[in-house]
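One-letter residues, chain by chain:
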Amino acid sequence: MNDIIKNHDLKRGFTPLSGGGMELFMEKRSKNESRTIKNSRIIDGIAFGFSLAFLVAAFLAAHYTGEWGSVFKNWRLIMISPCPLVTDYFAVGGLASALLNAGACGMACFFFMILLKGESHANTLAGYFLVVAHCFYGLNFLNMWPCFLAPFLYLKLKKLDFNDNLHVCMFATSFGPFISEFLFRYTLKTPYVFGTVTLTVSGIALALLFSLAIGFIIPAILPGAKAWHKGYNLYNGGLAFGLFGFFIFNLMYKTMGIVAPQPSSHPNAIYESFGRSYTLFGNVFFLTIFLICIAVGFFLNNKSFRGFSHLVRDTGFASNFSERYGMPLCLINIGVYGIMFLAYINLIIIFTPGAGFTGPTVGVILAALTFTALGQHPSNVWPILVGYVLLYGFTLIICHLCGREITWSISTQAYINGVAFATGLCPIVGRYGIRAGIAAGFMCASMCTATKDLHGGFVLYNGGFTAGITALILLPILEHYVPVAREQMKHQYISMRGMITIEENRNKKNDRD
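Residues numbered from 1 in each chain as written. Predicted model: local features only at pLDDT ≥ 70, side-chain atom pairs only at ≥ 80, totals over all residues. Heavy atoms only, no water.

**Describing the overall build of the protein chain**
Part 1 of the argument: From N to C terminus, the protein chain includes 25 helices and zero strands.
Part 2 of the argument: Surface summary for the protein chain: the accessible area is close to 21,200 Å², and the carbon and sulfur share equals 66%. (Helix = DSSP H or I, 4+ residues; strand = E, 2+ residues; numbered from the N terminus. Areas by Shrake-Rupley, 256 points an atom, 1.4 Å probe, with all protein chains shown as cover.)

What follows is the structure in structure tokens.
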């Protein structure tokens, strides 16, 4: 065994160890493997815990709203409806059905996580959060499967590890609305009627061909996307997916001379009776979950918060919190960060006119947690939130001086959705400071309502797309005027585990780390 390790290290340019050095090396490797396994178990536990919480909450919601007799019928409506951004599943199906949808999709991801050979990692958790987040506005238990399963064909062909790259399958579900569009509306010769299913051979064929295409295209475009924003947009897939969706959408509609469709709308009397906002239910649900995360993290971290102060001082750039600090502290981060973001949502809903606790609002609270194990924490996110508020204040002043009324607020649905994904720019705060982070939030907010039109709302990661464009604009300016951070980066290694991309060999990666 020792000879094998020595030969492997010589190939990589390392000096072979002997005697006590070899023993220390083996002990360190054993500890790293043990920590990886522990992190994996906690990540699997988070996926199971959140999924179970959705299912329990669906049962409670059915009694809370009086929808008990129609939960599964309404879930069917969710699955057979076209769903471009922003399709509110609380309106299409109802609170209980949307929660059931999230629980079912989340449990499906969980079973893949535990049944596939190998360990879950921080990117797996990021993929899980994005899946369940969009189960409230655009993704469902039907349209996720073609997107989710297609990348397995690529992984099989390239002989890559399934579990290592499970996150790529999860991120591929961003294209779920395309599947629903092909199946239920795009090929119809008559106007679409809500609640009816008219499948066509051409529609099914297009859905299958599209899913196969993304299964092989996504792994190809992901690695290149990180070079565009240099690791400063954690939503690496958002930029790549948005650009590919831009091409497909224009091919489908603009090129073919077809009028692009609008999100489905359907009157929901129960939803309307709650003012289209389940504020009390949403706050109780999330506050309970976040407090549980803090408590469990505290317990797993030897009943202490030791190390959390180091985590929140991390830049978040090319940083894997799960490996550097351990998943117990990441659990605490999920809870603390989640409460901060929940407080922001409540404040803007209270003090500005706009949307409330709709399906998309509940979804983006979950989406905001995506990279809590890969770079996001309260200290490097709050300046981006301030940037959104600053844009609103700036617009208020300009409109007042010009005698015009402002037509939006930071609680308008598109701005609520946008800010959750703008938090993916948090490495800019860590590297360039608070003012740069505020500028990033300001710029991202100014574009978040326009980027959806580029892909017709058929790419669910529109906020990540906007954040990627923001990074492309802002980074050259920052690098020109603040060259110190650029120079520090020249020789810094960016781990693939900190990016949304293909992982080619876990053994090589473990040795390298």
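**Quick look at the confidence of the model for the protein chain**
Part 1 of the argument: Here the protein chain shows a mean pLDDT of 90. Residues at 70 or above account for 88%.
Part 2 of the argument: In the predicted structure, residues 1-15 sits below a pLDDT of 50 and forms twelve contacts with residues beyond four places in sequence or in another chain.
Part 3 of the argument: The low-confidence segment residues 507-513 (pLDDT under 50) makes 13 contacts with residues lying over four places distant or belonging to another chain. (pLDDT = per-residue confidence, 0-100. Contact = heavy atoms within 4.5 Å.)

**Points about unusual backbone geometry**
Part 1 of the argument: For the peptide bond that leads from Leu-85 to Val-86, omega is -10°, which places it in the cis range.
Part 2 of the argument: Tracing the sequence through the fold places Val-86 in the loop between helix 3 (71-79) and helix 4 (89-92).
Part 3 of the argument: Unusually for a residue other than glycine, Asn-302 sits at a positive phi of about 60°.
Part 4 of the argument: Summarising the element assignment, Asn-302 is placed in the loop between helix 13 (279-300) and helix 14 (308-311).
Part 5 of the argument: The exposure class assigned to Asn-302 is exposed, which follows from its relative accessible area of 61%.
Part 6 of the argument: Phi at Ala-318 takes a positive value of approximately 50°, unusual for a residue other than glycine. (Buried < 20%, exposed > 50% of the residue type's maximum accessible area, 1.4 Å probe, protein only.)

**Observations concerning the packing of helix 16 (residues 327-351) against helix 18 (residues 378-401)**
Part 1 of the argument: Between helix 16 and helix 18, the shortest axis-to-axis distance is 11 Å and the interhelical angle comes to 15°. Classified by the angle between their axes, helix 16 and helix 18 sit roughly parallel to one another. Between helix 16 and helix 18 lies a crossing whose hand is right-handed. Of the residues in helix 18, those in contact with Asn-333, Val-336, Tyr-337, Met-340, Phe-341 and Tyr-344 of helix 16 are Pro-378, Val-381, Trp-382, Leu-385, Tyr-388 and Val-389.
Part 2 of the argument: Partitioned by chemical class, the residues of the contact of helix 16 with helix 18 number eleven nonpolar, one polar and no charged. (Axes fitted to C-alpha atoms, helices over the stretch in contact; angles between N-to-C directions. Parallel < 35°, antiparallel > 145°, perpendicular 65-115°, else oblique. Left-handed = near helix turned anticlockwise from the far one by under 90°. Nonpolar A, V, L, I, M, F, W, Y, C, P; charged D, E, K, R; others polar.)

**A short note on the packing of aromatic side chains**
Remark: the centre distance and the inter-plane angle together describe each pair of aromatic rings, the angle taken between the planes.
Part 1 of the argument: If you walk through the whole model with that rule in mind, you get 51 aromatic pairs.
Part 2 of the argument: Ring centres of Tyr-235 and Phe-371 lie 4.9 Å apart, and the angle between their planes is 80°; on these two criteria the pair is classed as edge-to-face. In this pair, Tyr-235 sits in the loop between helix 10 (201-229) and helix 11 (236-254) while Phe-371 sits in the loop between helix 17 (359-367) and helix 18, placing the two residues 136 residues apart along the sequence. You'll find Tyr-235 and Phe-371 in the same group, each marked buried. (Phe/Tyr/Trp six-rings, centres within 6.5 Å; stacked < 30°, edge-to-face > 60°.)

**Overview of the pattern of salt bridges**
Note on pairing: side chains with opposite charge can pair once their charged atoms come close.
Part 1 of the argument: Enumeration according to the criterion identifies five salt bridges in this entry.
Part 2 of the argument: Residue Arg-41 pairs with Glu-119 through a salt bridge whose shortest N-O separation is 3.0 Å. Here Arg-41, found in helix 2 (residues 20-65), pairs with Glu-119, found in the loop between helix 5 (95-115) and helix 6 (122-134); they are 78 residues apart in sequence, far enough to count as distant.
Part 3 of the argument: Taking relative accessible area as the criterion, Arg-41 reaches 49% and is therefore assigned partly exposed. (Salt bridge = Lys/Arg side-chain N within 4 Å of Asp/Glu carboxyl O.)

**Quick notes on the packing of helix 9 (residues 176-186) against helix 11**
Part 1 of the argument: Between helix 9 and helix 11, whose axes approach to 13 Å, the crossing angle comes to 10°. Relative to helix 11, the element helix 9 lies roughly parallel. Contacts between helix 9 and helix 11 involve Phe-178, Glu-181, Phe-182 and Tyr-186 from the former and Gly-245, Ile-248, Phe-249, Met-252 and Tyr-253 from the latter.
Part 2 of the argument: Across the contact of helix 9 with helix 11, the residue classes break down as seven nonpolar, one polar and one charged.

**Examining helix 17**
Part 1 of the argument: With nine of nine residues buried, helix 17 lies mostly within the body of the structure.
Part 2 of the argument: Along helix 17, the residues that are buried comprise Gly-359, Pro-360, Thr-361, Val-362, Gly-363, Val-364, Ile-365, Leu-366 and Ala-367.

**Observations regarding the environment of Gly-176**
Part 1 of the argument: Secondary-structure assignment places Gly-176 in helix 9.
Part 2 of the argument: For Gly-176, a relative accessible area of 0% translates into the label buried.
Part 3 of the argument: Sequence separation between Gly-176 and Pro-84 is 92 residues; the distance between their C-alpha atoms is 8.9 Å.
Part 4 of the argument: With residues up to four places along the chain from it excluded, the contact list for Gly-176 reads Leu-139, Asn-143 and Cys-147.

**A closer look at the side chain of Thr-65**
Part 1 of the argument: Relative to the assigned elements, Thr-65 resides in helix 2.
Part 2 of the argument: If sequence neighbours within four positions are ignored, Thr-65 has contacts with Leu-95, Ile-270, Phe-274 and Tyr-278.

**Some thoughts on the environment of Gly-224**
Part 1 of the argument: Structurally, Gly-224 can be placed in helix 10.
Part 2 of the argument: A relative accessible area of 32% means that Gly-224 is categorised as partly exposed.

**Quick word on a nonpolar patch on the surface**
Part 1 of the argument: Where nonpolar side chains cluster on the molecular surface, the patch consists of Trp-228, Leu-243, Leu-472, Ile-473, Ile-477, Tyr-481 and Val-482 and spans about 660 Å² of accessible area.
Part 2 of the argument: The biggest single contributor to the nonpolar patch is helix 23 (residues 462-481), with four residues.
Part 3 of the argument: Within the secondary structure, Leu-243 is located in helix 11.
Part 4 of the argument: Residue class for Leu-243 comes out partly exposed when judged on its relative accessible area of 37%. (Patch = residues over 30% accessible without salt bridge, like charges linked within 9 Å, V, L, I, M, F, W, Y side chains within 5 Å.)

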